[in-house]
Amino acid sequence: MTVRLRDALRSTAEDVPTYPVYERALATARRSRRRRLFAAAGAVVLLALAGVTVPLTRTPALDPAAADAALPDRLGLPPIGTLHVGDRPRLGSASVIFSGPAPRLRGWNDASIVGLVGADSDSYRIMRTGRDAAAGETVHLSPDGQHLARPDGDEDEPGVDVVDLASGRTRHLKSSVTNTVASAPVGWSADGTSLVVRDEVPVAFDGATYTSVLSIVPLDGGRWTTLASGAQEARFGSTVAAAPGRLAYQYGSTVTVADVQGRELSSFLLPDESWLAGKGAWSPDGATLTLATRRPATGEWTLRRVDSRTGRDGEPLRLPPVTGMVSIRLLGWAPDGSALVAAHQRDPDAPERPLEEQTGPPATAEQVSSVRVLALTPGATAPRTVLTTPAQVNAVDVADQVIRDGRVRDVQPPGGVGGRFWLWTGLLTALVGGVVLYGSRGRTRRWLDDRRARRRDG
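Worth saying up front: this structure is predicted, and the values here are computed from it rather than measured.

## Some thoughts on the overall build of the protein chain
Step number 1: Secondary structure assignment for the protein chain yields five helices and 25 strands.
Step number 2: Residues classed as buried in the protein chain amount to 45% of the 458 residues present.
Step number 3: In the protein chain, the proportion of contacts linking residues at least 24 apart, taken out of those at least 6 apart, comes to 54%.

Right, dumping it as structure tokens:
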């Protein structure tokens, strides 16, 4: 090889670019580490989400019959972050619903929250409603405890929502009453297949006065059947009681009995200081109605039965009187013949009732500070308390099936925080963890490079 050729080859070799083997290997290793870090972060996030959401999405087997359904002996306020009625796991059915101005029963913009207790467990749920929702008055629990009826709050096209506690689905029943401006459920039929709904219709354009229209509404979306209509001032349909195939409702000082097709069967006037006792006013055999009577001199409340056709006094009830309460509502009859009543304690700071409400029962939810469920047992000398509520819980409704079963269970209301709190906490933790891992990827890479360098140098 000549000198000239050797120099030419050397010059050509020097002009060839050098392949950065080490740098390329280092970059490949860094990319592999980043991929592993991102995969690990993703796995952490997925595990966190799965750990939080799997218990909430699991659907346990539900027993529609709620064989172990029982009345809790006391209520607690729903914990912060309590699951909603549509959340999983489903509640299935409820034994009690309750409402009031208690702190955990008021939402944003002073919206009402209704609390629910499971039929056979201490599981709590909440349901957000409109501003004036009261358990047993505008929000009603179905006889089997599986459905809740509430106003939908729509001012343009009013109607009623029916929430299925087993599936979490809500069925909307749009009102068919012409010119109605508000719809609200006032009771269930005895078999739970229909609702009694009250609509408010303005009499004049300015809406100064209203007519209340009472209708029976099938849940399957069938035709609305008008029962009757009357002046709003007379508290039309303020109390509705159901028996198989029949309904009794109060209009001012009159009680009317009708069938489910809307045909009036009988009607009678109420004596002074007497009212249709409540949703449990029908006797267990469906033969008589129960009135609640107050003695003005003592404020003592008693229950008595009357003939559903004539209003004449029937067989005397040997039940103890209720004293010290502003009103009572009969919820139903236990197997031993006891009458279960919701007894309301007056709120001393409540304003006087409007004049147009003076013909109705002596108290509404706004005038009550607390409520208890009492058992009036035949032959007993005094009522027996079977359910107590926290302060500022002023309205309750109990499933008919729970009352008929006659079981009361000792409970431990949940404390601490609820499932939604843990859900949002888990999601926030996973999000923060992912952001921290992503932001620290540079420091992690340098730390790994330093470790490798120390191992290589050592």
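## Structural notes on the pattern of salt bridges
Step number 1: Counted according to the given criterion, the structure contains 14 salt bridges.
Step number 2: Ionic pairing is found between Arg294 and Glu273, a salt bridge with its closest N-O pair at 2.6 Å. In this pair, Arg294 is assigned in strand β18 (residues 288-295) and Glu273 in the loop between β16 (264-269) and β17 (274-276), connecting sequence segments 21 residues apart.
Step number 3: What makes Glu273 partly exposed here is its relative accessible area of 27%.
Step number 4: For Asp313, the salt bridge goes to Arg304, with nearest N and O atoms at 2.2 Å.
Step number 5: Classification of Asp313 by relative accessible area gives exposed; the value is 57%.
Step number 6: According to the relative accessible area criterion, Arg304 is partly exposed, its value standing at 22%.

## Here's the deal with the environment of Gly406
Step number 1: Looking at the secondary structure, you find Gly406 in the loop between α3 (400-405) and β25 (408-409).
Step number 2: Residue Gly406 is classed as partly exposed on the basis of its relative accessible area, which comes to 41%.
Step number 3: Between the C-alpha atom of Gly406 and that of Ala69, which follows or precedes it by 337 residues, the distance is 9.4 Å.

## Some details on the nonpolar core
Step number 1: Judged by nonpolar contacts, the single largest core of 43 residues is most densely connected at Leu116 and Leu148.
Step number 2: Mapped by element, the contributors of at least two residues to this core are β2 (94-99), β3 (113-118), β4 (124-128), β21 (339-346), β22 (368-376), β23 (384-387), β24 (395-398) and α3.
Step number 3: Listed in part, the 16 residues of the second largest apolar core include Leu303, Trp333, Ala339 and Val341.

## A short note on the confidence of the model for the protein chain
Any residue range with low pLDDT should be treated as having predicted coordinates unsuitable for detailed reading.
Step number 1: Taken residue by residue, the protein chain gives an average pLDDT of 85. The fraction at 70 or more is 82%.
Step number 2: Within the model, pLDDT remains below 50 along residues 50-65, and this stretch shows 20 contacts once partners closer than five positions in the same chain are excluded.

## Considering the sheet that holds strand β15 (residues 254-259)
Step number 1: Sheet architecture is open: four strands sit in the order β13-β14-β15-β16, paired in antiparallel fashion. Every interior strand has two partners, whereas the edge strands, β13 (240-243) and β16, have only one. The mean inter-strand angle of the sheet, taken between neighbouring strand axes irrespective of direction, is 15°.
Step number 2: Looking at chain direction, β13 and strand β14 (residues 246-251) are connected through four bridges and run antiparallel.

## Here we look at the side chain of Arg125
Step number 1: Looking at the element boundaries, Arg125 is found in strand β4.
Step number 2: Side-chain polar atoms of Arg125 contact the backbone oxygen of Pro89, separated by 2.6 Å.
Step number 3: With near-sequence residues (within four places) excluded, Arg125 lies in contact with Thr82, Leu83, His84, Val85, Pro89, Arg90, Leu91, Val114, Gly115 and Leu116.

## As for the packing of aromatic side chains
Step number 1: Considering all chains together, one arrives at four aromatic pairs under this definition.
Step number 2: When the ring of Phe236 is compared with that of Tyr251, the centres are 5.0 Å apart and the planes differ by 70°; the resulting orientation is edge-to-face. With a gap of 15 residues between them, Phe236 in the loop between β12 (225-231) and β13 and Tyr251 in strand β14 connect regions that are remote in the sequence.
Step number 3: What makes Phe236 buried here is its relative accessible area of 2%.
Step number 4: Here the aromatic rings of Trp275 and Trp301 are separated by 5.7 Å at their centres, their planes lie at 40°, and the arrangement is tilted. Taken together, the residues Trp275 in strand β17 and Trp301 in strand β19 (residues 300-307) connect sequence positions 26 residues apart. Across the pair, exposure class does not vary: Trp275 and Trp301 are buried alike.
Step number 5: Feature note: the residues Phe236, Tyr249 and Tyr251 constitute an aromatic cluster, connected by ring pairs.
Step number 6: The ring of Trp333 carries Arg305 above its face, with NZ or CZ at 4.7 Å from the centroid.

## Some words on the sheet that holds β3
Step number 1: Pairing in this open sheet of four strands is antiparallel, and the strands run β4-β3-β2-β24 from one edge to the other. Each edge of the open sheet carries a strand with a single partner, namely β4 and β24. The average undirected angle you get between the axes of adjacent strands in this sheet is 20°.
Step number 2: Inspection of the sheet shows β3 paired to β4 by five bridges, in the antiparallel sense. Across the sheet, residue Val114 finds its bridge partner in β4, namely Met127.

## Focus: the environment of Arg329
Step number 1: Relative to the helices and strands, Arg329 is located in strand β20 (residues 327-333).
Step number 2: Sequence spacing of Arg329 and Leu340 is 11 residues, and the spatial spacing of their C-alpha atoms is 8.5 Å.

Conventions used here
- Residues numbered from 1 in each chain as written.
- Predicted model: local features only at pLDDT ≥ 70, side-chain atom pairs only at ≥ 80, totals over all residues.
- Heavy atoms only, no water.
- Helix = DSSP H or I, 4+ residues; strand = E, 2+ residues; numbered from the N terminus.
- Buried < 20%, exposed > 50% of the residue type's maximum accessible area, 1.4 Å probe, protein only.
- Contact = heavy atoms within 4.5 Å.
- Salt bridge = Lys/Arg side-chain N within 4 Å of Asp/Glu carboxyl O.
- Core = buried A, V, L, I, M, F, W, Y, C linked by side-chain atoms within 4.5 Å.
- pLDDT = per-residue confidence, 0-100.
- Pairing = 2+ DSSP bridges.
- Axes fitted to C-alpha atoms, helices over the stretch in contact; angles between N-to-C directions.
- Polar contact = N/O pair within 3.5 Å; in protein donor to acceptor, adjacent residues only side chain to side chain.
- Phe/Tyr/Trp six-rings, centres within 6.5 Å; stacked < 30°, edge-to-face > 60°.
- Lys NZ or Arg CZ within 6 Å of the ring centre and 35° of its normal.

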